[in-house]
Amino acid sequence: SCKSEGGNGIRTFEPEMLASRKKRTESEDDIRRGIEESLFEPHFQSVTHLASGNIVGFEALMRLNHPEKGLIPPAEFIAIAEESDRIDLAGRQLFSKALSGLRALGQRHGDEHLHIAINLSPVELTPEKIAFIASELEVYGVDPAQLTVEITEAVFLEDSDRITECLQQLRHIGCKIALDDFGTGYSSLAYLTRFQVDIIKIDQSFIKGLTHPDPAIATRSRRLIEGIAAIATNMDCLMIAEGVEEEEQARHLRTIGVQYAQGFLFSTPLPLSEAMALV
Ligand code: C2E
Ligand code: MG
Ligand code: MG
Ligand code: MG
């Protein structure tokens, strides 16, 4: 094996350490190449109006389309890309392609008002990024009201003026703000008093709970979602349920009054060509 022993008897190169370091370097190379060759692209997951079953829009989810390795999911590169400005550069590629995709989807759908949602990491909330977003909306002729920016509660961990100002600026130009993975972050609910959000996305872990084999867990999950729905309604927020996989979950959500849903029950995230067939 390739272990080497230091003089003090401590193994300095564990094989796992080498492997994880190699994997990290590989990811960094993939990200760098992705930025240079514009390999970051959106896959589109439909957002469905629960009462009518109509598709009202899409969430653009980032993939790195590697020429040799194929599609690389966000779990494998977002955290590393967030350590530098690379997430911002990758996000710009994704955004322009998402807007161009939205135009194609809107034309096909015969609806100029399809919505598009993008995810922004905390480090992406900068005045420069907002300016880029505003100018791309204009370039692609997309109404800012069609754009939802998804953030997680993590952005409120640092109580910075930059974050609040950027979110206010986005609302000022007419975009909507959605709180992703609601209820799973470490921050307090106090940010809801400081800042108006438009949409609360109920995390998929709560939705899974609705059909948990243990009936006590299923009941508590339903009551928790009812509570979240009460908060959302009182705060003038619409709700989107995430990760809906079963019709029974959708039934519960309709009863509770959750307006919109995403999940494999309706569609997985799809490349543009396949999303086109949905609308
Ligand atoms: P998210 O924004 O909460 O996205 C939902 C994730 O759940 C997506 O994973 C989606 O593919 C997955 N999902 C959707 N429906 C179902 C379902 O019914 N069952 C299950 N098990 N999963 C479902 P994905 O695409 O791997 O994205 C993971 C996360 O990466 C996203 O979570 C988001 O936080 C982040 N992300 C994705 N795209 C971007 C981006 O462009 N920029 C940034 N900064 N983050 C992104
Ligand atoms: Mg999201
Ligand atoms: Mg989510
Ligand atoms: Mg998430």
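Preceding block: the structure.
Being a predicted model, the structure only gives us computed values, none of them experimental.

Q: Can you tell me about the pattern of salt bridges, naming the residues and giving the values?
A: Where charged atoms from two side chains of opposite charge come close, those side chains can pair. A full pass over the atoms with the stated rule returns 16 salt bridges. In this structure, Lys129 engages Glu124 in a salt bridge whose closest nitrogen and oxygen atoms are separated by 2.8 Å. Measuring nitrogen to oxygen at the nearest pair gives 3.4 Å for the salt bridge that ties Arg254 to Glu247. You can call Arg254 partly exposed: its relative accessible area is 36%. A single network of salt bridges, built from pairs that share partners, joins Asp88, Arg92, Glu124 and Lys129.

Q: Any details on the side chain of Gln262? Residues and values, ideally.
A: Tracing the backbone through its elements, the reader meets Gln262 in the loop between strand S9 (260-261) and helix H10 (272-278). Judged by its relative accessible area of 2%, Gln262 falls in the buried class. Only 2.9 Å separates the side chain of Gln262 from the side chain of Glu59, close enough to count as a polar contact. A polar side-chain atom of Gln262 sits 2.7 Å from a polar atom in the side chain of Lys201.

Q: Explain helix H1 (residues 15-36) to me, and be specific about the residues and the numbers.
A: For H1, built from 22 residues, the straight-helix expectation of 32 Å at 1.5 Å per residue is met to within 8% by its first-to-last C-alpha distance of 32 Å. Among the residues of H1, those classed as buried are Ser27, Asp30, Ile31, Gly34 and Ile35. What you see down the axis of H1 is that its buried residues fit within an arc of 130°, all on one side. For H1, the exposed residues set more than 90 degrees away from the buried face come down to Lys22 and Glu36. For H1, the secondary structure elements touched by its buried residues are strand S1 (40-49), strand S2 (55-66), strand S3 (70-72), helix H2 (78-81) and helix H3 (86-109). Looking one or two residues beyond H1, the residue adopting positive phi is Ser38, at roughly 55°.

Q: Describe the pairing of strand S7 (residues 199-202), and please don't skip the residues or the numbers.
A: A regular strand carries its side chains on alternate faces of the sheet. With burial as the criterion, each face of S7 is covered, one bearing Ile199 and Lys201 and the other bearing Ile200 and Ile202. As paired strands, strand S6 (residues 176-182) and S7 are joined by three bridges and run parallel to one another. Each bridged residue has a counterpart across the sheet, and for Leu179 the counterpart in S7 is Ile200. Note that S7 and strand S8 (residues 238-241) share four bridges and pair parallel.

Q: Requested: an account of the site of ligand 1, with residues and values cited.
A: Looking at ligand 1, there are 23 residues lining it, with Arg63, Ser121, Asp180, Glu245 and Phe264 nearest. Take Met62: an N or O atom from its main chain is 3.0 Å from a nitrogen atom of ligand 1. Between ligand 1 and Asp181, the relevant distance is 3.1 Å, taken from an oxygen atom to a side-chain nitrogen or oxygen of the residue. If ligand 1 stood free it would expose 800 Å²; the protein chains cover 80% of that surface.

Q: Talk me through the coordination of the magnesium ion (ligand 3); I want residue IDs and the actual numbers.
A: Protein-derived coordination of the magnesium ion (ligand 3) comes from Asp180 (OD), Asp181 (OD), Glu242 (OE) and Glu242 (OE), at a distance range of 2.0 to 2.6 Å. Summarised as a motif, the one-chain spacing of the donors to the magnesium ion (ligand 3) is D-D-x60-E. Between the magnesium ion (ligand 3) and the magnesium ion (ligand 2) the interatomic distance comes to 4.4 Å, and Asp180 is a ligand of both metals. Among the residues examined, Asp181 registers a relative accessible area of 25% and is labelled partly exposed.

Cut-offs used in this document
Residues numbered from 1 in each chain as written. Chains lettered and ligands numbered in written order. Predicted model: local features only at pLDDT ≥ 70, side-chain atom pairs only at ≥ 80, totals over all residues. Heavy atoms only, no water. Salt bridge = Lys/Arg side-chain N within 4 Å of Asp/Glu carboxyl O. Buried < 20%, exposed > 50% of the residue type's maximum accessible area, 1.4 Å probe, protein only. Helix = DSSP H or I, 4+ residues; strand = E, 2+ residues; numbered from the N terminus. Polar contact = N/O pair within 3.5 Å; in protein donor to acceptor, adjacent residues only side chain to side chain. Expected span 1.5 Å × (residues − 1). Arc of directions from axis to C-beta. Contact = heavy atoms within 4.5 Å. Pairing = 2+ DSSP bridges. Near = heavy atom within 4 Å. Areas by Shrake-Rupley, 256 points an atom, 1.4 Å probe, with all protein chains shown as cover. Donors = N, O, S within 2.8 Å, 3.2 Å for Na, K, Ca; no water.

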